[in-house]
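The residues making up each chain are set out below.
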Amino acid sequence: MADDTILITTTGRVATITINRPDKLNALNEPTRAAIVSALERFESDPDVRVVILTGAGEKAFIAGADIADFAGRTPVAQFRVMNDPRANAFEAADRFPKPIIAAVNGFCLGGGCEMAMACDIRIASDKAKFGQPEINLGLLPGGGGTQRLPRLVGLGNAFKLLYTGDMVTADEALRLGLVSEVVPAADLMTRVNALAAAIASKSPVALRYIKEALRASVRAPMDEGLRLERTLFGLVFASEDKVEGVEAFLQKRKPEFKGA
Ligand code: COA
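Residues numbered from 1 in each chain as written. Predicted model: local features only at pLDDT ≥ 70, side-chain atom pairs only at ≥ 80, totals over all residues. Heavy atoms only, no water.

Asker: I'm lost on the site of the ligand in this one. Help?
Answerer: Close contacts around the ligand come from 15 residues, with Lys24, Lys60, Ala64, Ala66 and Ile68 the closest. Lys24 is positioned such that a nitrogen or oxygen atom in its side chain is 2.5 Å from an oxygen atom of the ligand. With respect to the ligand, the side chain of Lys60 contributes an N or O atom lying 2.7 Å from an oxygen atom. Protein contact buries 59% of the 850 Å² of open area that the ligand shows by itself. (Near = heavy atom within 4 Å. Polar contact = N/O pair within 3.5 Å; in protein donor to acceptor, adjacent residues only side chain to side chain. Areas by Shrake-Rupley, 256 points an atom, 1.4 Å probe, with all protein chains shown as cover.)

Asker: Sorry, what's going on with the pattern of salt bridges here?
Answerer: Side chains bearing opposite charge may pair, as long as their charged atoms lie close to each other. On inspection of all chains with the given rule, the structure shows 13 salt bridges. A salt bridge links Arg216 to Asp95, with the nearest nitrogen and oxygen atoms 2.7 Å apart. Residue Arg216 is found in helix α9 (residues 205–218), and its partner Asp95 is found in helix α3 (residues 90–96); the two are separated by 121 residues along the sequence. We classify Asp95 as buried; its relative accessible area is 6%. (Salt bridge = Lys/Arg side-chain N within 4 Å of Asp/Glu carboxyl O. Helix = DSSP H or I, 4+ residues; strand = E, 2+ residues; numbered from the N terminus. Buried < 20%, exposed > 50% of the residue type's maximum accessible area, 1.4 Å probe, protein only.)

Asker: Would you take a moment to explain the side chain of Asp67 for this structure?
Answerer: Here Asp67 lies in the loop between β4 (61–63) and α2 (76–83). Among the residues examined, Asp67 registers a relative accessible area of 10% and is labelled buried. Side chain to side chain, Asp67 and Arg21 meet in a polar contact 2.9 Å long. Setting aside its immediate chain neighbours within four residues, Asp67 contacts Arg21, Ala27, Leu28 and Asn29. (Contact = heavy atoms within 4.5 Å.)

Asker: How do you make sense of the packing of helix α5 (residues 146–154) against helix α6 (residues 156–165) when you look at a structure like this?
Answerer: In helix packing, the relevant descriptors are the interaxial angle and the interaxial distance, both defined with respect to the helix axes. Interhelical geometry of α5 versus α6 gives an angle of 130° and a closest axis separation of 7 Å. Taken as axis vectors, α5 and α6 run oblique relative to one another. Crossing of α5 over α6 shows right-handed handedness. Contacts from Thr147, Leu150, Pro151 and Val154 in α5 reach Leu156, Asn158, Ala159, Leu162 and Leu163 in α6. A per-class count over the contact of α5 with α6 returns seven nonpolar, two polar and no charged. (Axes fitted to C-alpha atoms, helices over the stretch in contact; angles between N-to-C directions. Parallel < 35°, antiparallel > 145°, perpendicular 65-115°, else oblique. Left-handed = near helix turned anticlockwise from the far one by under 90°. Nonpolar A, V, L, I, M, F, W, Y, C, P; charged D, E, K, R; others polar.)

Asker: What's the story with unusual backbone geometry in this structure? I'm lost.
Answerer: In terms of backbone geometry, most residues other than glycine have negative phi values and most peptide bonds are trans. With a phi close to 50°, Leu25 is a non-glycine residue in the positive phi region. Checked against the element boundaries, Leu25 lands in the loop between β2 (14–19) and α1 (30–44). For Leu25, a relative accessible area of 23% puts it in the partly exposed group. Look at Asn26: it is not a glycine, yet its phi comes out positive at around 60°. Tracing the chain through its elements places Asn26 in the loop between β2 and α1.

Asker: Would you mind going over the sheet that holds strand β3 (residues 51–56) with me for this structure?
Answerer: Sheet strands pair via backbone hydrogen bonds, and the direction of the pair is either parallel or antiparallel. Here six strands make up an open sheet; going across it, the order is β1-β2-β3-β5-β7-β10 and the pairing mixed. The sheet is open, and its two edges are formed by β1 (6–11) and β10 (182–184), each paired on a single side. Across this sheet, the average inter-strand angle for adjacent strands is 20°, counted without regard to direction. Across the sheet, α1 touches β1, β2, β3 and β5 (101–105), and the angle it forms with β1 is around 25°. (Pairing = 2+ DSSP bridges.)

Asker: Is there a simple way to think about the packing of helix α4 (residues 112–119) against α5 in this case?
Answerer: Two elements in contact, α4 and α5, have axes whose closest approach is 10 Å; the angle formed by their N-to-C orientations is 60°. By the criterion of interaxial angle, the relationship of α4 to α5 is oblique. Judged by the twist between their axes, the crossing of α4 over α5 is left-handed. Listed contacts from α5 to Glu115, Met118 and Ala119 of α4 are Gly146, Arg149, Leu150 and Leu153. Across the contact of α4 with α5, the residue classes tally to four nonpolar, one polar and two charged.

Asker: Please clarify how the pairing of strand β7 (residues 122–126) should be interpreted in this entry.
Answerer: In summary, the side chains of a regular strand alternate between the two faces of the sheet. The buried fraction of β7 is high, at four of five residues. Here four bridges tie β5 to β7, and the two strands are oriented parallel to one another. Across the sheet, the residue bridging to Ala103 is Arg123, located in β7. Here β7 runs beside β10; their pairing, made up of three bridges, is parallel. Across the sheet, Ala125 pairs through a bridge with Val183, a residue of β10.

Below, the structure written as structure tokens:
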């Protein structure tokens, strides 16, 4: 399935969204962000989709940032409207998406691209990927969550350095900083990410959903509140058929077949 700005493919229980503006290094304009939001809305209600992968078309870029052409001549009021329109807020849509979402970072991952990757649950990078928040070079600051998600991943000092300088870092440096979980040779990126996605897709969708909810709370709520939520969700998951299946399968020494119920 395709529209102008993204491509969607589905293999088994894994859906892949590919940003499809390679001539603009997959820069995120408003239609692209809106297409991501509506694709995630569809996947949320589709029980056959258990994990989503986000990547970029072409050899060069994951996402090279917001589409800078959109900024020229735009009024503050128009910019405020765009940024607060939930139909185009792909960052929040990925963060709130209640199923696992993995960024397969295949190249330049800059500005809004780095923010999009950080809004995903896991980031796996090609060894050719480059990361950065170059907004400072345009007289801007990150507007897609970079000032909040980056320090939570890499620590305050490293976030200050990246945001103050706008410098790009290599995939290996991003790994060292904790910005990505793994770096793999470029040619192996999608094989590795597809295998990871398939492994996660075989787990209980109910438990995955509650894990995401609890982990999201871990960076938002005070610890006691987060621990309380975790205990509540732990109790709640006992209501699922997947819990019965998982425990029975272990005791019967067989592989569980999770249904998401
Ligand atoms: N917005 C809009 N267009 C972009 C873009 C962006 N963020 N990033 C790249 N492009 C476009 C370029 O304008 C160019 O279009 P053109 O062929 O019509 O002129 C095309 O993508 C290819 O980019 P180019 O700059 O020629 O590639 P390069 O290999 O020389 O440089 C980058 C790659 C990533 C270093 C460079 O494109 C860049 O700095 N991009 C902007 C990154 C940025 O500041 N992002 C944060 C935005 S807030």
